[in-house]
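Each chain is listed here by its residues.
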Number of protein chains: 4
Amino acid sequence: MIDINSFGVLGGDKRQIALAESIASDGYTVYVFGFDNVEFSRDIKKAGLEEITAHCENLILPLPVTTDGLNLNTPYCDEKIELNDRFAERMRGKQVYGGMIAKLIQTSEVWDSVDIYDYYNREEFTIHNAVPAAEGAIEIAMREYPGTVNGSKCLVVGYGRIGKVLAWMLRGIGASVTVSARKHSDIAWIESYGYHSIFTDNICDKDQYDVIFNTVPARIFNRRLLSKMHSKPLIIDLASQPGGVDYESAEDFGIKTVHALSLPGKVAPKTAGEIIKTTIYNIMEE
Amino acid sequence: MIDINSFGVLGGDKRQIALAESIASDGYTVYVFGFDNVEFSRDIKKAGLEEITAHCENLILPLPVTTDGLNLNTPYCDEKIELNDRFAERMRGKQVYGGMIAKLIQTSEVWDSVDIYDYYNREEFTIHNAVPAAEGAIEIAMREYPGTVNGSKCLVVGYGRIGKVLAWMLRGIGASVTVSARKHSDIAWIESYGYHSIFTDNICDKDQYDVIFNTVPARIFNRRLLSKMHSKPLIIDLASQPGGVDYESAEDFGIKTVHALSLPGKVAPKTAGEIIKTTIYNIMEE
Amino acid sequence: MIDINSFGVLGGDKRQIALAESIASDGYTVYVFGFDNVEFSRDIKKAGLEEITAHCENLILPLPVTTDGLNLNTPYCDEKIELNDRFAERMRGKQVYGGMIAKLIQTSEVWDSVDIYDYYNREEFTIHNAVPAAEGAIEIAMREYPGTVNGSKCLVVGYGRIGKVLAWMLRGIGASVTVSARKHSDIAWIESYGYHSIFTDNICDKDQYDVIFNTVPARIFNRRLLSKMHSKPLIIDLASQPGGVDYESAEDFGIKTVHALSLPGKVAPKTAGEIIKTTIYNIMEE
Amino acid sequence: MIDINSFGVLGGDKRQIALAESIASDGYTVYVFGFDNVEFSRDIKKAGLEEITAHCENLILPLPVTTDGLNLNTPYCDEKIELNDRFAERMRGKQVYGGMIAKLIQTSEVWDSVDIYDYYNREEFTIHNAVPAAEGAIEIAMREYPGTVNGSKCLVVGYGRIGKVLAWMLRGIGASVTVSARKHSDIAWIESYGYHSIFTDNICDKDQYDVIFNTVPARIFNRRLLSKMHSKPLIIDLASQPGGVDYESAEDFGIKTVHALSLPGKVAPKTAGEIIKTTIYNIMEE
């Protein structure tokens, strides 16, 4: 019998473990699959795919659903779960939620007739994830920079989601914060909140930072720019692959860099799992 | 002879006085017109309209340019300056900057061939003005609320420009801050910054605020909502006319209200003048 | 019959009115005397001195108890209440609480055998009052300074109770804050919290402030120092009489000053009353 | 020839390396001893003990000067430098600065006639060190707590130097902060800054924290208290040996603990070195 208030969590990493626990603590029935050696609290039932799809109305796939385009992303499971017509057929008639579903949908035409939602695309998901990303960047700065972040001169490149939260937290622990942006309106915001502002094109003009956080997905820190840096700041690059820094040149010039990727899942899986939960609840309410 | 680095400031209130002073302190030549009994610093020259238009490349009209649609807005001048073809002709060939120019343009067809820019429409102008608006609202709260804002329970309705700055400042002086919004993405931002969040439709559910700041230009606080408020908060309404509060009903229920309009020019003319200057400089650079 | 859980509030200003209301809202029986035309909520009983002393275990005198050393401080009462042996006799056997009781005690030898406590002397009273004092100072700055406090350069002279809270709030609304002190240890604290620091002897060296708040009870701003100030800051003096500024000289040099006294009672009587209440409760618990 | 503006840095860890670099960057001549394989910038000269004492007016000993009471604390040097009469004789006529000098002075009676100062005892040293200690504690919390510190419920036990800075930083990154103290006056401070307050004796009453930071050098978290904790918070203990937590009991109850010692030197040697420098400069000025 299908239980409307039941959730099946199929595969994923620590975030999905936290997600399962968090849903269960809200009083819902939760089944999990794909976590061979993981211990869950008593309310959560481990089950096979068949059992789960027989019982659960809501099925949650991991983030990303698949890394290779062929199998479900199940780092806690030895067995491979192939993504094929049979898998997709099981999802029919359910509410299915997944993160980055583009590759999944290519695995079977059946998906065209399944109610599937991508929680990764939701704006509130991205906004909420800026918090663990920013906090992860600060943890790296605290560990790698030999002084305290308090009292240091920090530059945040880019005033998008992560830039906003990062600048706010850095000031919150007592750093001197400069934020760069390209648009006059962003510069206005930066100044309204009391940060120092600079246009991104001019960041090389003021070469006096201890730590630089790059949040812009573009090769800002190219060889030419790096060659002009005399104070050798620590650069923490939050831009996704290939990153915003010419890493080879940085090494040549003796500038220490950290390419920090996928921070939310790494530094705060519990929070990252709860963000997925909140997003799914929001989708369900609509 | 026309001087490219010269500015004429024609009419306006304290903001334009501050604007003239601020431009002069940047080293530019400044002429002013329409400030009969105002004393300026030595570098600024009072002159007639003719003299100014003969000398100045850049002409700055007030905010708003006109209140009645017929005459220039010159509260510091006894004489009326009619906005007509002759006035518009004088502006030809210049760079003209005005605030809220819609009514001005209707006064003469000549304006179609004048280079005129509305600084009031620029996004960075609106963003920067959120600061004096928010600070003015806090000053009112400090004056009208019989306790301290520090430690009080404040609700900010709306997370637009003013709402963002207001919430940030309120927390900065130690208030407990709840912010309401309509969109999931705004709620995500509110929570990321550590405020309490509530959907605007539900603000009546939690009736425990000491001070409420309304920033939404809609009749949120109607009779029905006001009738449910038992704790009698102070309501400071920042929404432009006709405002977001049913003022008569509020009075019936013994709820104190303040309709706070045009705060930037009133509470911080110096800052408001500098914001106009920055915006004009930005337009000139583009 | 004496009720241990009953309080008599005898005279005082708006703070004592707020105090009476706040004690009543905690569920205690409250009698008031000395508030002729003041309306209280229903639970609070107006009564004569005799009736109150017959019923109440705890008697609360105003702050200050007396201004002239002869009569009770009763601004809301036309009649004068003489402080003499008879008045003191009525207090015998009670728990009596008053603010600044030195002059009171000189009015009768009977006081030597009365249990009387000075809530004004308690450290937590002074600390809590730093909040309304600081907030009152900021309200004045917002009103008198023609720009926004946000973005302005503020100097706080002295890092005692009020200086600490004031510096914290000023930064909270986005001011650039410098704090002066005399001791190395205070300078260390100021820097740890991320403010700019300066030794009080050197405050004339950096003459670039928009607003100066003096919290030190000494004539810091003498004619010599004022004569060196070229930027004409607004000076808000929080030092009690005679104040920390040579006011005549300031006027000579065109420097605007505000001597802000007794801020807590003026700007936030509700909070100031609650602080008295908390302090009295603390005394009772000990 | 003795150079008044020259410093000799004798032994120590990364903090003394940073100290030497920082003094050199101020333009002073710096000699170092006891750093065999460490590379310094060009201005700093490695020298033997004899050469250094021949040249330098100011000699800086490490923190602590000695760990075993017999030899100089020189982790970067293979050779042992015995603390004896001969060593002390070399210091005669110099200005000598050391950290925790009690054991040093017992090594020779010559010390009685040497001008030696303990920078570790200075109040500004301890205050400044609260910053790297607090930041180190936050780094641990970010690493060990599976959620984000932003949005988490934190308890800071004790409102001394580290407690003050820690509470301030935690709120700065968006945690919900409760601070415990024993005195009414500290509770007043805690509330003035807008934190939640609780008396240290009652911290078990509210069992809802995600992370607890203990700054009190007493066995607060004994078996009885730990047994009552149902929410299994992460406890980060900053109290020096033996610490404020019954670690065995904590393990029995499944409560995760971290005993964080000597944080400043570990997490921010550069800042810790600069704090030593500032303190020595202050002593020299007096």
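Residues numbered from 1 in each chain as written. Chains lettered and ligands numbered in written order. Predicted model: local features only at pLDDT ≥ 70, side-chain atom pairs only at ≥ 80, totals over all residues. Heavy atoms only, no water.

So, helix H5 (residues 123–144) of chain C
Look at H5(C): 32 Å from first C-alpha to last across 22 residues, which is about the 32 Å you get at 1.5 Å a residue. Burial of H5(C) is extensive: 18 of the 22 residues sit out of reach of the surface. (Helix = DSSP H or I, 4+ residues; strand = E, 2+ residues; numbered from the N terminus. Expected span 1.5 Å × (residues − 1). Buried < 20%, exposed > 50% of the residue type's maximum accessible area, 1.4 Å probe, protein only.)

As for the state of the cysteines
All names here are of chain B. In this structure the tally under the stated criterion is 0 disulfides over all chains. In this structure Cys-77 is a free cysteine whose sulfur lies 17 Å from that of Cys-56, the closest cysteine sulfur available. Cys-77 gets classed as buried once you look at its relative accessible area, which sits at 10%. (Disulfide = S-S within 2.5 Å.)

Some words on the pattern of salt bridges
A complete count under the given rule lists 44 salt bridges over all chains for this structure. With a closest N to O distance of 3.1 Å, C:Asp252 and C:Arg223 form a salt bridge. Highlighted residues: C:Asp252 in helix H9 (residues 247–252) and C:Arg223 in helix H8 (residues 223–227), separated in sequence by 29 residues. On the basis of relative accessible area, C:Arg223 is assigned to the partly exposed category, the value being 41%. One continuous salt-bridge network, built from bridges that share partners, spans A:Glu139, A:Arg143, A:Glu144 and A:Lys256. (Salt bridge = Lys/Arg side-chain N within 4 Å of Asp/Glu carboxyl O.)

Regarding the packing of aromatic side chains
All told, the structure shown has 44 aromatic pairs over all chains when counted by the stated rule. Taking 5.3 Å as the distance between ring centres and 65 degrees as the angle between the ring planes, the aromatic pair formed by B:Phe7 and B:Tyr28 counts as edge-to-face. Of the two residues, B:Phe7 is situated in strand S1 (residues 3–10) and B:Tyr28 in the loop between helix H1 (14–25) and strand S2 (29–33); the sequence distance between them amounts to 21 residues. Assessed through its relative accessible area of 1%, B:Phe7 is described here as buried. By relative accessible area, which is 30% here, B:Tyr28 ends up partly exposed. Geometrically, the ring pair formed by D:Phe87 and D:Trp111 is tilted, given 6.5 Å between the ring centres and 50 degrees between the ring planes. Of the two residues, D:Phe87 sits in helix H3 (residues 85–91) while D:Trp111 sits in the loop between helix H4 (102–105) and strand S6 (115–118), which places them 24 residues apart along the sequence. Here D:Phe87 falls in the buried class, since its relative accessible area comes to 3%. Its relative accessible area of 3% is what places D:Trp111 among the buried residues. (Phe/Tyr/Trp six-rings, centres within 6.5 Å; stacked < 30°, edge-to-face > 60°.)

Observations concerning the interface of chain D and chain A
With 23 residues of chain D at the interface, the matching set in chain A holds 23 residues. Around 2000 Å² of area is buried between chain D and chain A when both sides are counted, 59% of it from carbon and sulfur atoms. Connecting chain D to chain A are 0 salt bridges. At the boundary of chain D with chain A, the tally comes to 10 residue pairs in polar contact (both at pLDDT 80 or more). For the side of chain D that touches chain A, the secondary-structure elements that each account for two or more residues are helix H5 (123–144), helix H6 (161–172) and helix H11 (269–285) of chain D. A per-element tally of the side of chain D that touches chain A places H5(D) first, with 7 residues. Of the residues that constitute the side of chain D that touches chain A, the class distribution is 13 nonpolar, 6 polar and 4 charged. (Contact = heavy atoms within 4.5 Å. Buried area = accessible area lost by both parts, 1.4 Å probe. Polar contact = N/O pair within 3.5 Å; in protein donor to acceptor, adjacent residues only side chain to side chain. Nonpolar A, V, L, I, M, F, W, Y, C, P; charged D, E, K, R; others polar.)

Describing empty space enclosed by the protein
In total, this model carries 7 cavities of 30 Å³ or more according to the counting rule given. As a volume, the second largest cavity reaches approximately 60 Å³. What lines the second largest cavity is A:Tyr159, A:Trp168, A:Tyr193, A:Tyr195, B:Tyr159, B:Lys164, B:Trp168, B:Arg171, B:Tyr193 and B:Tyr195. Here the lining of the second largest cavity takes 3 residues from helix H6 (residues 161–172) of chain B, the largest share from any one element. (1 Å grid on protein atoms, 1.4 Å probe; cavity = no way out; pocket = protein on both sides within 12 Å on 5 of 7 lines; lining within 4 Å. Points joined across faces, edges and corners; volume = space filled by probe spheres on them.)

Regarding the relation of the copies chain D and chain A
Mapping chain D onto chain A leaves a residual RMSD of 0.1 Å; the transformation is a rotation of 180 degrees accompanied by 0.0 Å of translation along its axis. The superposition operator between the copies reduces to a two-fold rotation axis. By C-alpha distance to the rotation axis, the residue of chain D lying nearest is D:Gly172, at 1.8 Å. In this assembly the copies share their binding face: 100% of the residues contributing to the interface of chain D also contribute to that of chain A. (Least-squares fit on C-alpha atoms with pLDDT ≥ 70 in both.)

Regarding helix H1 (residues 14–25) of chain A
Side chains of residues three or four places apart in an α-helix project in the same direction, reflecting 3.6 residues per turn. Residues and elements named next belong to chain A. Relative to the 16 Å expected for 12 residues at 1.5 Å per residue, H1 spans 17 Å between its end C-alpha atoms, a close match to the ideal helical length. Summarising burial for H1: 9 of the 12 residues are buried, a large majority. Within H1 the residues assigned to the buried category are Arg-15, Gln-16, Ile-17, Ala-18, Leu-19, Ala-20, Ser-22, Ile-23 and Ala-24. One or two positions beyond H1, positive phi appears at Gly-27, with a value near 100 degrees.

Some words on the pairing of strand S6 (residues 115–118) of chain C
Residues and elements named next belong to chain C. On S6, burial follows the alternation: Ile-116 and Asp-118 on one face are buried, whereas Asp-115 and Tyr-117 on the facing-out side are not. Across 4 bridges, the pairing between strand S5 (residues 95–98) and S6 is parallel. Bridging across to S6, Gly-98 finds its partner in Asp-118. (Pairing = 2+ DSSP bridges.)

Topic: the sheet that holds strand S12 (residues 257–259) of chain B
Residue and element names in this part refer to chain B. With parallel pairing, 6 strands are arranged side by side in an open sheet as S9-S8-S7-S10-S11-S12. With one partner strand each, in any of the chains shown, strand S9 (196–199) and S12 form the two edges of the open sheet. Each neighbouring strand pair of the sheet contributes to a mean axis angle of 20 degrees, computed without reference to strand direction. Taken together, the 4 bridges between strand S8 (residues 176–181) and S9 define a ladder with parallel strand orientation. Each bridged residue has a counterpart across the sheet, and for Ser-180 the counterpart in S9 is Ile-198. (Axes fitted to C-alpha atoms, helices over the stretch in contact; angles between N-to-C directions.)

What to know about the environment of D:Asn5
Residue and element names in this part refer to chain D. Position of Asn-5 relative to the elements: it lies in strand S1 (residues 3–10). Residue Asn-5 is classed as partly exposed on the basis of its relative accessible area, which comes to 43%. Counting along the chain gives 22 residues from Asn-5 to Gly-27, while the straight-line C-alpha distance between them is 8.9 Å. The residues contacting Asn-5, other than those within four sequence positions of it, are Tyr-28 and Thr-29.

Considerations on the pairing of strand S2 (residues 29–33) of chain D
Residue and element names in this part refer to chain D. Burial analysis of S2 places 4 of its 5 residues in the buried class, which makes it a mostly covered element. Pairing of S2 with strand S3 (residues 44–46), which is carried by 3 bridges, proceeds in the parallel orientation. Among the inter-strand pairings, Val-32 is bridged to a residue of S3, identified as Lys-46.

Some points on unusual backbone geometry
A cis amide bond links A:Gln241 to the next residue, A:Pro242, at an omega of 5 degrees. When you line up the elements, A:Pro242 lands in the loop between strand S11 (234–237) and helix H9 (247–252). Although it is not a glycine, C:Met100 adopts a positive phi angle of roughly 60 degrees. Mapped onto the elements of the fold, C:Met100 is located in the loop between S5 and helix H4 (102–105). When its relative accessible area of 38% is taken as the criterion, C:Met100 is described as partly exposed.

A short note on the side chain of D:Asn214
Residue and element names in this part refer to chain D. Relative to the helices and strands, Asn-214 is located in strand S10 (residues 211–214). Classification of Asn-214 by relative accessible area gives buried; the value is 0%. Polar side-chain contacts of Asn-214 include one of 3.0 Å to the side chain of Asp-237. Aside from chain neighbours lying at most four places away, what touches Asn-214 is Val-157, Ile-220, Phe-221, Ile-236, Asp-237, Leu-238, Ala-239 and Gly-244.

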